[in-house]
Amino acid sequence: MTSLKQKTSQTMKPATAAKKLGIYLAAAPTDFQEGVVSREELNALQAEPPQWLQELRKNGPHPRPVVAAKLGISISGLARGGVTEALTTAEIDAIKAENPLWLQHERANQVDVRKEEARIKAKHEKEAAEKAAKESPGR
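Residues numbered from 1 in each chain as written. Predicted model: local features only at pLDDT ≥ 70, side-chain atom pairs only at ≥ 80, totals over all residues. Heavy atoms only, no water.

Peer 1: Help me understand the overall build of the protein chain, please; the structure alone is not making it clear to me.
Peer 2: Along the protein chain, the regular secondary structure elements total eight helices and two strands. Relative to the globule expectation of 14 Å for 139 residues, the C-alpha radius of gyration of the protein chain, 22 Å, shows a markedly less compact shape. Looking at the protein chain residue by residue over its 139 residues, the buried ones come to 24%. For the protein chain, restricting intrachain contacts to residue pairs at least 6 apart in sequence, the fraction spanning at least 24 positions comes to 56%. Entry remark: accessible area of the protein chain is about 10,000 Å², with carbon and sulfur atoms responsible for 53%. Between the mean site of the 22 positive side-chain charges and the mean site of the 18 negative ones, the protein chain shows a separation of 7 Å. (Helix = DSSP H or I, 4+ residues; strand = E, 2+ residues; numbered from the N terminus. Rg over C-alpha atoms; globule rule 2.2 N^0.38 Å. Buried < 20%, exposed > 50% of the residue type's maximum accessible area, 1.4 Å probe, protein only. Contact = heavy atoms within 4.5 Å. Areas by Shrake-Rupley, 256 points an atom, 1.4 Å probe, with all protein chains shown as cover. Lys, Arg positive; Asp, Glu negative; His and termini not counted. Charge placed at Lys NZ, Arg CZ, Asp CG, Glu CD.)

Here you go:
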């Protein structure tokens, strides 16, 4: 016999919701930081972001993954460059304008990493195609 349980809404901690929204939790409103976010609330925030969320996404402060992406480097590269805290869009733009040596180096590293990832992917695809060709009957 099946029981008719009410379906409970999936919830998440504010830190998880902030990560999914791409925002720095400490800059979010207090009620967001201290509450619990349901899956439905998260979907609503993503679909129609309120003014505070639009402002955070536009001007920051941004969490480190967003800062790294805006600078075109890895999170590890950000740490190697001495950037350990959240930055605003203006601060990120200032770093880009200054284009310090560490940023140039980390961007070059990122290019090398992407080339290597593409090479490995192509190698795996080639090996998979060769394996499929060997295994296909009638050839």
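This is not the end of the story, as more comes after the structure.
Peer 1: Hey, could you run me through the environment of Thr 89 in this one?
Peer 2: One can find Thr 89 in helix α7 (residues 89–98). Residue class for Thr 89 comes out buried when judged on its relative accessible area of 17%. Aside from chain neighbours lying at most four places away, what touches Thr 89 is Lys 58, Asn 59, Gly 60 and His 62. Of the polar contacts made by the side chain of Thr 89, one reaches the side chain of His 62; its length is 2.6 Å. (Polar contact = N/O pair within 3.5 Å; in protein donor to acceptor, adjacent residues only side chain to side chain.)

Peer 1: Before we go on, may I ask you to explain the nonpolar core in this structure?
Peer 2: For soluble globular proteins, the rule of thumb is that nonpolar side chains tend to be buried together. Ranked by size, the top nonpolar core spans twelve residues in total: Met 12, Ala 17, Ala 18, Leu 21, Ile 23, Ala 28, Phe 32, Val 37, Leu 42, Leu 45, Leu 53 and Leu 56. Among all residues touching Ala 28, those that are not within four sequence positions of it are Ile 23, Gln 33, Trp 52 and Leu 56. (Core = buried A, V, L, I, M, F, W, Y, C linked by side-chain atoms within 4.5 Å.)

Peer 1: What should I look at first to understand the packing of helix α5 (residues 64–71) against α7 in this one?
Peer 2: Pairs of packed helices are described in terms of their axes, by the angle between the two and the distance that separates them. At a closest axis distance of 10 Å, the pairing of α5 and α7 adopts a crossing angle of 35°. Here the hand of the crossing between α5 and α7 comes out right-handed. Across the interface between the two elements, Val 67, Lys 70 and Leu 71 of α5 pack against Ile 92, Ile 95 and Lys 96 of α7. When grouped by side-chain class, the residues that make up the contact of α5 with α7 number four nonpolar, no polar and two charged. (Axes fitted to C-alpha atoms, helices over the stretch in contact; angles between N-to-C directions. Left-handed = near helix turned anticlockwise from the far one by under 90°. Nonpolar A, V, L, I, M, F, W, Y, C, P; charged D, E, K, R; others polar.)

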